[in-house]
Amino acid sequence: MKPQNLTKGLKSQKAESRLVLIVAAATVISVFCLVSAKTLLGQAMYHKRVIDARHSAVKQLNANVDAANALVQQYQVFQSGNQTNIIGGKNSTDANLKPPDGDNARIVLDALPSHYDFPALISSVAAILSNNGVKDPSVNGTDDSGTINSSPTAKPEVTTITLDVKGTTNYKSARSLIKDLERSIRPFDVTKVDIEGSDSNMVVTLTVDTYFQPALTLDLTTKEVK
């Protein structure tokens, strides 16, 4: 082979080797750029979701603060807006007052006890009968303490408790008895009334419905941004 041809061959091989290196380097750089771009794009999308979630949380918190402020104002009006409470008694925060007197907040809180207590219910109704001078009082019902769960729940349901109330009194006291049941802190619905005897000596038999509802629990969940 002539020296000139050998020189040209070597130059051609060097040029081809340099071209291969350039193409390989360009390929590596291109792949690196694509991978880096994909990673950066994924991070950017993640940060955007985080920012959007934060904005949504801040918006919800602001709405909750506004709702809480409105609730406080409504509570203040409800608690002290009138001299008469919601069941017709004296509106006062004096803890020594007895129903129908008392402040509206206490009346509402005591209206539906959060624990099922059948003996206490019987005692409460018996006290109403005694306050109205009912003789030979009788309060009967079914005690479901063994089946009713008083534990707080996320979806509390109201349970109806039916009582049969009976006693001897006069007409005036019978009217007062029914009125006191209707004005009681704990709601009573008189569904049936039977009266036998005279105005001064009558036997009154009542069918009364009252209610129990467990306490409500808050179901707090944590939201994860993916």
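Residues numbered from 1 in each chain as written. Predicted model: local features only at pLDDT ≥ 70, side-chain atom pairs only at ≥ 80, totals over all residues. Heavy atoms only, no water.

Draft legend 1. Structural view of the overall build of the protein. Regarding its fold elements, the protein presents four helices and four strands. In the protein, the succession of α and β elements from N to C terminus is α-α-α-β-β-α-β-β. Of the contacts formed within the protein by residues at least 6 apart in sequence, a portion of 68% connects residues at least 24 apart. (Helix = DSSP H or I, 4+ residues; strand = E, 2+ residues; numbered from the N terminus. Contact = heavy atoms within 4.5 Å.)

Draft legend 2. Structural detail: the packing of aromatic side chains. Under the definition given, this model contains one aromatic pair. Ring centres of Y116 and F212 lie 5.6 Å apart, and the angle between their planes is 80°; on these two criteria the pair is classed as edge-to-face. Of this pair, Y116 sits in the loop between α2 (104–111) and α3 (118–131) while F212 is found in strand β4 (residues 202–212), placing the two residues 96 residues apart along the sequence. In this pair, the class of Y116 matches that of F212, namely buried. (Phe/Tyr/Trp six-rings, centres within 6.5 Å; stacked < 30°, edge-to-face > 60°. Buried < 20%, exposed > 50% of the residue type's maximum accessible area, 1.4 Å probe, protein only.)

Draft legend 3. Region of interest: α3. With 14 residues, α3 should reach 20 Å at 1.5 Å per residue; the first-to-last C-alpha distance of 20 Å fits that figure. The set of residues buried in α3 consists of F118, L121, V125, I128 and L129. For α3, the angular spread of buried residues about the axis comes to 100°, placing them on one side. Of the exposed residues in α3, those oriented more than 90 degrees away from the buried face are S130 and N131. Summarising the contacts, the buried residues of α3 are in contact with β1 (135–141), β2 (159–169), α4 (171–183) and β4. Two to three positions downstream of the cap, the backbone nitrogen of A120 sits 3.2 Å from a side-chain oxygen, assigning the N-cap of α3 to D117. (Expected span 1.5 Å × (residues − 1). Arc of directions from axis to C-beta. Polar contact = N/O pair within 3.5 Å; in protein donor to acceptor, adjacent residues only side chain to side chain.)

Draft legend 4. Structural context of the sheet that holds β4. Read from one edge to the other, the open sheet built from four strands follows the order β1-β2-β4-β3, with strand pairing classed as antiparallel. Sheet topology places β1 and β3 (189–197) at the edges, where each strand pairs with a single neighbour. Across this sheet, the average inter-strand angle for adjacent strands is 15°, counted without regard to direction. Across the sheet, α3 lies against β1, β2 and β4, angled at about 35° from β2, the strand it touches most. (Pairing = 2+ DSSP bridges. Axes fitted to C-alpha atoms, helices over the stretch in contact; angles between N-to-C directions.)

Draft legend 5. Here's a closer look at the nonpolar core. Of all hydrophobic cores here, the largest spans 21 residues; its most connected members are L163 and V165. Among the secondary structure elements, those contributing two or more residues to this core are α3, β2, α4 and β4. Ignoring any residue separated from it by four or fewer positions in sequence, one finds L163 in contact with F118, L121, I122, V125, V139, N140, G141, L206, T207 and V208. (Core = buried A, V, L, I, M, F, W, Y, C linked by side-chain atoms within 4.5 Å.)

Draft legend 6. Spotlight on the side chain of N132. Its place among the elements puts N132 in the loop between α3 and β1. For N132, a relative accessible area of 6% translates into the label buried.

Draft legend 7. Layout of a nonpolar patch on the surface. A contiguous nonpolar patch, built from Y75, F78, I86 and V108 and spanning about 370 Å² of accessible area, is present on the exposed surface. Along the chain, Y75 falls in helix α1 (residues 3–80). Classification of Y75 by relative accessible area gives partly exposed; the value is 42%. (Patch = residues over 30% accessible without salt bridge, like charges linked within 9 Å, V, L, I, M, F, W, Y side chains within 5 Å. Areas by Shrake-Rupley, 256 points an atom, 1.4 Å probe, with all protein chains shown as cover. Salt bridge = Lys/Arg side-chain N within 4 Å of Asp/Glu carboxyl O.)

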